[in-house]
Amino acid sequence: MEDPQVAILFIGVSLFLGVICRQVFRGTRVPYTVALLILGTGLGAMEYGTSRGLGTLGASIRMWSHINPDLILFVFLPALLFESSFAMELHQIKRCINQMLLLAAPGVLISTFCLALVHRYLFPYGWNWSTCLLLGGLLSATDPVAVVALLKELGASKKLSTIVEGESLMNDGTAIVVFKLFFQMVLGRHFTPGDILQFFSQVALGAVALGLAFGLVTVLWIGRVFNDAIVEITLTLTASYLAFFVAEMEAQVSGVLTVMTVGMFFAAFARTAFTGESQQSMHHFWEMVSYIANTLIFILSGVVIAESILRSRDNIQGDWGYLVLLYVALQLSRVVVVVMLYPGLKYFGYGLDWKEASILIWSGLRGAVALSLSLSVAQVGQAESEDYTLITKKTEAQFVFFTGGVVFLTLIINGTTTQFLLKALGMDHTPETKALVLEYVRHEMYSKALESFGELGEDEDLGPAEWSTVCKYVSCLQQQPDTGAPTHPHDASVSGEESRNLILQDTRMRFLNGVQAAYWDMLDEGRITRTSATLLMQSVDECLDAVARHEHMNDWKGLQQHVHFPQYLKWSSQSMLPQRLLSFFTVVRLELGCYIAAAFLRAHRQARHQLREFIGESEVADAVIKESENEEVEARRFLEDVRLLFPQVLRVIKTKQVTYAVLTRLSAYVKTLEEAGLVEEKETNHLHDMIQVDLKILQRKPPPVKMQSAHEVLINQPFFGALPGHVQQVLLNAAKECMMFRESSLYREDSKADGVWLVANGSVKWTRTKSTGRQLLHPTFPHGSTLGLYECLTGRPRLCTIAADSVAHCFFIDSAKLMAVSATEPGLEDFFWQESALVVAKIVLPQQFEAITMQELRALIAEGSNLCTYIRGETIELEIGRIGILLEGFIKQEGKDDVIGAPAGLLTKTEVVPASKGFPGSRTTSIIPQSIFYHVEARSRVLFIDLHSCQSTPFASLSPLIPKQSIGESAGLMRFGSKYQSSRKSSEGPPKSGDVHGDHSASYSAKAMELSLFGSQVTVSNKGWRGSYIRSVLNLHQPRSQSYPTVVKRAVGKQFSSAYVLKSPARRIGSVPRKVRSHGNLVLGPPPQEWPKPLVRTRSGTSCDSDGDEEHIVEIESPSKLFASNQTTW
């Protein structure tokens, strides 16, 4: 008896022969496994067919040839099954699963019964039905390893390779189950139809359930492993072998189906868990395992075939003809299977044409599984007892002979001739579009080679290189293309619509492949999560299927269901679930959507750039790029909605990406130092471990997204946050939280005003059927807007229709509650009117305020506006440099009969003065601004906005509102009113007790303005840094609201075109102004004897008089002095 150590010699020799075969047949179309089978048969023949044998090697061969057949399955099958199933693409599995099931379940049964009929009626051995079905079942297990490798090498369709390989995986398990059933029948056990159905269900369904359990546990475990390729690989290897063992020995289910389920589960949920070096290590490891297992098992199969034939040649005499008959019957049974199942194969998945069906028939090779099952029968036959079994020694010899012969013939004949069948069917040729692209790339390679030689061809230390010698070794330089630019692949032979469609389809597929490659890069860089990467790549696979059907490129379609705001946000305020739980699910959903949308935009941007660099300018490339750009609209819109509604989500995602990028760059830096020899290995390991700990913490405990509660969001809304604390408490209980999705209507025009809408986050758009003039580009109200307040104050119907322009987080407050609290605090009603004017100004004067943001308009109204109330009979003067908003009442412009009703915008007018009628010395046309007077027809409320307050602001959007200066040579004369001014004080005297309302409303407005600018709860203080910042930005050194008498009055930016002085007190709410006469743009003031004392010029550039009254003084002696003094401030 030889020592057991001798067994290792067979492994070494087999791997040595495998290396030789791999090197010799590399680049040829001879299947690698066929050569191994022939070598194994030769080794077996030399050992068993000669008297001397092979010595020690022969002893090793004998040890392996007498190995338990179950052990062969337990050693080799788990690795081969897991590698094949894990290497399959999830999308291909999903599309081809029905076709694979058809071939693996009904197909195996049909093949089994067809072969059983041949054994029963054409073979002269007198086998009973159980024995015939047993041989038919074990011969139904396919092993198309050689064909799959050949299909991939020849570039056959991926769907065909998937169907062939998937069928092999599944019907191995089905064939083993069928074999076990009939084997027990042969051994004398009886089964009823119910028992057979129960047996199949238990073995098959139990295997799937067990495989899912092993896969789930292992995937969860791998999810807890961080950057440890050894542990990850060991877990996959352990899962495959343990699953097979538990299934076969403990659970009594199919081990093949169990391991296949584990591998497919990994392909579905763990492929993105392996990135970077771990992915490469995993790929190389399983490729090596598959190579070693295939090498050993096919050489061993050849040895067993030779041994069985030579050992049992007395029992198989005269069976060679029946072996050929069995081979022919096997091919015919394969034809019957494919033909009977062809309607289903053509209907499901990608479909199947007759050419692919022909390859599917010819690819029914048999391999090690069938041979191992026959050896199991041989073991029973060797323990022959007529009372125990119906299988005699002759029967077991015939089983091994027929099985080994079929394996040999299918591998030798089918495996080697598949390439010729592919060629005969025209399935191995390169399409014209791909050939054009290949030729174009070759020309580009020639150009790149010349460019590289120009950069590297000469060295200052070694001198120049020989061009002729370089050309001998660089094949692309040996075939110099024709002079001139290469033929563009999109311009060559594109006659006809069909040719263009083929080129367009090819370009789309290349573009999508580039997108998918970008997703893998982003996964390695930590820009996307594993879940988002899986969804993104799945969307590309689905789009590739659609492009193969000549449809437009639309990979965003598969992502839409994952990139949107969850619908339960609409009812989050009424939900019975805890708000923290809802916030958690919301954050998870939004983070996933943001990862997907951002990665989609980045990948398409990179793919467009690469396509443009590779293919250049062409009509087809432009069409594909246009399709890509059109797809980006929804992704950008979603990110913009999240930025408006939940900006903290984007902030956290970007923070994680930046943190990961910083740590990976540090790791690369440390590696660079090690390669340069600047740090030792021990130091490198220490630094690397430190970085890995940081990466692990980032993965396990990423920065959380802190979601604000409804109360915090409402408090930061400018209008609500500016209210007194006790008023907020009253309204807080009455506020209803609403999440409005895009295009959802808040209210419609002319509907009853039943409450106020506060937009906390997001934006809304408004439309008005009664509006006139040009259509606005962006009729929207941003977050922080207060909608419907004006209608509640006046009792009017809604002015316009409001709908969500993005996902908007809103609060609704009933008008009755709001009006009830308006009288509880002094100045609160005036603040309500000012707040309502923000929306009214945008609606009634859309062209003037379109470019102004809500924050700028709020600051302008809060710091540079007057809120005045007039009674019937009064006259309103709209001074130059102001805009009026009629909020309540009716007025009539002087000189016109039309009555203006609220709401309305009031604008000054300008007059064009020809040079002949202008001022002395003027030689060009002048534009003269003019004040306008209105007569009050009913009690009216007007908000005046001082435009001079925005002259020095940095906001470019406010510049169109600043009054235009006159043009021409008389510009200095036309502007003199604005240059010669002094502030005037109200002649009303000190403020009365009731004037304290102005202070309160001013503080409310200032607080709302600061909340709008800074987005957090603040304390209003003119001396605080926020107030100083706002005033410095707006150039507001003093409060500018004349609506509140207690506030210091500003210098009014009033302009005159007369040499007279108008001394007029500022109007207050309820005061009766002095009537004046208007002649064009001249305002007649008091007689000369009432003029005050002349002003004294000061160094500070301001003016003061002795009586303390501020008034406008203009001193005119001559036009020349006027022009000279135009540069001086009085």
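Up top you'll find the structure we're talking about.
Before going into details, it helps to say that this report is about the structure given with it. Every residue gets a number counted from 1 within its own chain, in the order that chain's sequence is written. Side-chain atom pairs in this predicted model are given and counted only at pLDDT of 80 or more, local residue features only at pLDDT of at least 70, and totals for whole chains, interfaces and linings cover all residues. By convention in this description, side-chain values take in all heavy atoms of the structure and omit both hydrogens and water.

## Overview of the overall build of the protein chain
And step 1. By the criteria applied, helices consist of DSSP H or I runs no shorter than four residues and strands consist of E runs no shorter than two, each listed in order from the N terminus. When helices and strands are tallied, the protein chain shows 38 helices and 24 strands.
And step 2. Across the 1130 residues that make up the protein chain, the buried fraction comes to 51%.
And step 3. For the protein chain, the share of sequence-separated contacts (at least 6 apart) that also reach a separation of at least 24 residues comes to 78%.
And step 4. A total accessible area of about 53400 Å² is found for the protein chain, and carbon and sulfur atoms account for 57% of it. Partly exposed describes any residue whose relative accessible area lies between the buried limit of under 20% and the exposed limit of over 50%, with all areas from a 1.4 Å probe on protein chains only and scaled to the type maximum. Whether two residues are in contact is decided by their heavy atoms, any of which lying within 4.5 Å being enough. Working definition of accessibility: Shrake-Rupley area with a 1.4 Å probe, residue cover restricted to the visible protein chains.

## A word on the packing of helix α14 (residues 320-347) against helix α15 (residues 354-362)
And step 1. As a packed pair, α14 and α15 sit with axes 9 Å apart at the nearest point and diverge in direction by 145 degrees. Seen from above, α14 lies across α15 with right-handed handedness. Two secondary-structure elements touch here, α14 through Tyr327, Gln331, Arg334, Val335, Val338, Tyr342 and Leu345 and α15 through Trp354, Ala357, Leu360, Ile361 and Trp362.
And step 2. The residue makeup of the contact of α14 with α15, split by class, is ten nonpolar, one polar and one charged. The convention used is that axes are lines fitted to C-alpha atoms, helices contributing only their stretch in contact, and that angles between N-to-C directions extend from 0 to 180 degrees. Two helices that cross are described as forming a left-handed crossing if the nearer one is turned anticlockwise from the farther one by less than a right angle, and a right-handed crossing if clockwise. In the scheme used here, Gly and all other residues not listed as nonpolar or charged are polar, with Ala, Val, Leu, Ile, Met, Phe, Trp, Tyr, Cys and Pro taken as nonpolar and Asp, Glu, Lys and Arg as charged.

## Re the sheet that holds strand β14 (residues 890-893)
And step 1. Strand order in this open sheet of four strands is β12-β19-β14-β15, and the pairing throughout is antiparallel. Strand pairing shows two members of the sheet lacking a second neighbour, β12 (875-878) and β15 (899-901), which therefore form its edges. The average angle at which neighbouring strand axes cross in this sheet is 35 degrees, direction not considered.
And step 2. In short, DSSP must find at least two bridges between two strands for them to pair. The pairing of β12 with strand β19 (residues 932-936) spans four bridges and is classified as antiparallel. Bridged to Leu878 within β19 is Ile932.

## Some words on the sheet that holds strand β11 (residues 865-870)
The strands that make up a sheet are held in pairs by hydrogen bonds between backbone atoms, and each pair lies either parallel or antiparallel.
And step 1. Taken in spatial order, the four strands of this open sheet run β11-β20-β13-β16, and their pairing is antiparallel. In this open sheet, the two strands that pair with only one neighbour each are β11 and β16 (904-906). Each neighbouring strand pair of the sheet contributes to a mean axis angle of 25 degrees, computed without reference to strand direction.
And step 2. As paired strands, β11 and strand β20 (residues 940-946) are joined by six bridges and run antiparallel to one another. Bridged to Leu867 within β20 is Leu943.

## Considerations on the side chain of Thr162
And step 1. With respect to the helices and strands, the residue Thr162 is situated in helix α9 (residues 158-186).
And step 2. Judged by relative accessible area, which is 8%, Thr162 ranks as buried.
And step 3. In contact with Thr162, other than residues within four places in its own chain, are Met88, Gln92, Cys96, Met100 and Glu167.

## Let's talk about helix α10 (residues 193-223)
And step 1. What a helix should span is 1.5 Å times the count of its residues minus one. Relative to the 45 Å expected for 31 residues at 1.5 Å per residue, α10 spans 45 Å between its end C-alpha atoms, a close match to the ideal helical length.
And step 2. Among all positions in α10, only Phe199, Val203, Ala207, Leu210, Gly211, Gly215, Thr218, Val219 and Ile222 are buried.
And step 3. Those residues of α10 that are buried are in contact with α9, α11 (229-250) and α12 (255-269).

## Examining the packing of aromatic side chains
And step 1. Aromatic rings from Phe, Tyr and Trp, taking only the six-membered ring of Trp, are treated as a pair when their centres fall within 6.5 Å; an angle between ring planes under 30 degrees marks them as stacked, one over 60 as edge-to-face, and anything in between as tilted. By the definition in use, this model includes 36 aromatic pairs.
And step 2. Positioned above the aromatic ring of Phe86 is the side chain of Arg271, whose terminal nitrogen or guanidinium carbon lies 5.5 Å from the ring centre. Comment: the charge-over-ring label is applied if NZ (Lys) or CZ (Arg) is within 6 Å of the ring centre and within 35 degrees of the ring normal.

## Side note on the pattern of salt bridges
And step 1. Whenever a carboxyl oxygen of Asp or Glu lies within 4 Å of a side-chain nitrogen of Lys or Arg, that contact is scored as a salt bridge. In this structure the tally under the stated criterion is 22 salt bridges.
And step 2. A salt bridge links Glu591 to Lys656; the nearest nitrogen and oxygen atoms lie 3.4 Å apart. On the criterion of sequence distance, the pair formed by Glu591 in helix α23 (residues 579-615) and Lys656 in helix α25 (residues 647-675) is long-range, its members being 65 residues apart. Of the two residues examined, Glu591 and Lys656, each falls in the buried class.

## Examining the environment of Phe74
And step 1. Looking at the element boundaries, Phe74 is found in helix α4 (residues 69-87).
And step 2. When the C-alpha positions of Phe74 and Tyr241 are compared, they lie 7.8 Å apart, and in sequence the two are 167 residues distant.
And step 3. Beyond its immediate stretch of four places on either side in the chain, Phe74 contacts Tyr241, Phe244, Phe245, Glu248 and Met249.

## Things to note about the pairing of strand β5 (residues 755-761)
And step 1. Summarising burial for β5: seven of the seven residues are buried, a large majority.
And step 2. When β5 meets strand β10 (residues 808-814), the two strands line up antiparallel, connected through six bridges. Within β10, the residue paired with Trp757 across the bridge is Phe812.
And step 3. Note: β5 against strand β8 (residues 786-787), two bridges, orientation antiparallel.

## Section: the environment of Phe269
And step 1. Within the secondary structure layout, Phe269 lies in helix α12.
And step 2. In this structure Phe269 comes out as exposed when scored by relative accessible area, which is 55%.

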